[in-house]
Amino acid sequence: MVDLYLASQSPRRRELLAQIGVQYQVLEVNVPERQQSNESPREYVQRLAQEKSQAGWRCLTDANRRADAKMVCPVLGADTLIEFQGRVLEKPENEADEVAMLGALSGQTHRVLSAVALTSERGTAVKLSVTDVRFRPLSEQEVRRYWRTGEPADKAGGYGIQGLGAVFVEHLSGSYSGVVGLPLNETRELLEDYGVAYWIGQDA
Ligand SMILES: Cc1cn([C@H]2C[C@H](O)[C@@H](COP(=O)(O)OP(=O)(O)OP(=O)(O)O)O2)c(=O)[nH]c1=O
């Protein structure tokens, strides 16, 4: 039995949902990620989370055209990006990109925006989590060595706070799970609104 579909390829999001005892099944969706010229980082990250959950919902309801949409459980989509000096940082494309990104974040505070959306037959709801993260000064040599570990390539801003990148972080104000990719308190709020259970199997 599943209570939720997760429209995400991110292993972090799977682990975070499992952490709070949600029974889910993964769906594959493909949503192009491109910020529009008139779109703020907050609007952009929320649009992507909504588009991911809506794409998942469409693919389920199209595949079960004859099934009653009320019988299909909700779909969760999420997106995480870094905002620094008004610009959006997504995933680094290569080592030079990583050096530029972490070089800019070195010794500075950046903002991690993480949005989570749920779609069901009653429509889509989205919540945003905002976290400020301060990095200590980083040397270029250290950033190049970090790139070679393979960790940063698939991560917004080019680091993983839950991994080797933890040693860059001097201070965090906000949601740790949001930085990792799925803000769990905001997720719980949506799950409650949509009647999806969490903490399954956690009672003594
Ligand atoms: C800042 C930061 C990001 N990340 C990850 C979380 C997300 O997986 C990724 C941001 O990319 P996203 O585009 O939000 O997500 P994704 O492409 O990995 O997965 P999907 O769209 O299929 O859901 O960066 C970390 O794992 N640790 C961190 O500290």
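Details of the structure are given in the entry above.
Residues numbered from 1 in each chain as written. Predicted model: local features only at pLDDT ≥ 70, side-chain atom pairs only at ≥ 80, totals over all residues. Heavy atoms only, no water.

Caption draft 1: Here's a closer look at the site of the ligand. Taken together, 21 residues surround the ligand, and among them Ser8, Gln9, Arg13, Lys52 and Lys91 come closest. One nitrogen or oxygen atom from the main chain of alanine 156 is found 3.0 Å from an oxygen atom belonging to the ligand. In isolation the ligand exposes 610 Å². Once the protein is present, 93% of that is buried. Put simply, the ligand lies in the largest pocket. When residues of the shell around the ligand are traced back to their parent elements, those giving at least two are helix H1 (11-19), strand S3 (75-84) and helix H5 (176-180). Of all the elements, S3 adds the most residues to the shell around the ligand, at three residues. Classifying every residue of the shell around the ligand gives six nonpolar, seven polar and eight charged. (Near = heavy atom within 4 Å. Polar contact = N/O pair within 3.5 Å; in protein donor to acceptor, adjacent residues only side chain to side chain. Areas by Shrake-Rupley, 256 points an atom, 1.4 Å probe, with all protein chains shown as cover. 1 Å grid on protein atoms, 1.4 Å probe; cavity = no way out; pocket = protein on both sides within 12 Å on 5 of 7 lines; lining within 4 Å. Sits in = over half its atoms within 2 Å of the grid points. Helix = DSSP H or I, 4+ residues; strand = E, 2+ residues; numbered from the N terminus. Nonpolar A, V, L, I, M, F, W, Y, C, P; charged D, E, K, R; others polar.)

Caption draft 2: Main features of the environment of valine 116. Checked against the element boundaries, valine 116 lands in strand S5 (residues 109-120). A C-alpha to C-alpha distance of 5.6 Å links valine 116 and alanine 49, two positions 67 residues apart in sequence. Setting aside residues no more than four positions away along its own chain, valine 116 makes contact with Ala49, Leu76, Gly77, Ala78, Ala125, Val126, Lys127, Leu182, Pro183, Glu186, Thr187 and Leu190. (Contact = heavy atoms within 4.5 Å.)

Caption draft 3: Expanded view of the layout of surface pockets. Within this model, the largest pocket holds a volume of roughly 660 Å³. Every residue lining the largest pocket is counted, 30 residues in all, and those nearest its centre are Arg12, Arg13, Lys52, Lys91 and Asp154. Listing elements by their share of the lining of the largest pocket, those giving two or more residues are H1, S3 and H5. For the lining of the largest pocket, the leading source of residues is S3, giving four residues. (Points joined across faces, edges and corners; volume = space filled by probe spheres on them.)

Caption draft 4: Local environment of the packing of helix H3 (residues 95-105) against helix H4 (residues 140-148). Two elements in contact, H3 and H4, have axes whose closest approach is 10 Å; the angle formed by their N-to-C orientations is 135 degrees. Considered as vectors, H3 and H4 are oriented oblique to each other. Between H3 and H4 lies a crossing whose hand is right-handed. In this structure, H3 uses Glu95, Glu98, Val99 and Leu102 to contact H4, whose residues at the interface are Glu140, Val143, Arg144, Tyr146 and Trp147. When its residues are assigned to classes, the contact of H3 with H4 shows five nonpolar, no polar and four charged. (Axes fitted to C-alpha atoms, helices over the stretch in contact; angles between N-to-C directions. Parallel < 35°, antiparallel > 145°, perpendicular 65-115°, else oblique. Left-handed = near helix turned anticlockwise from the far one by under 90°.)

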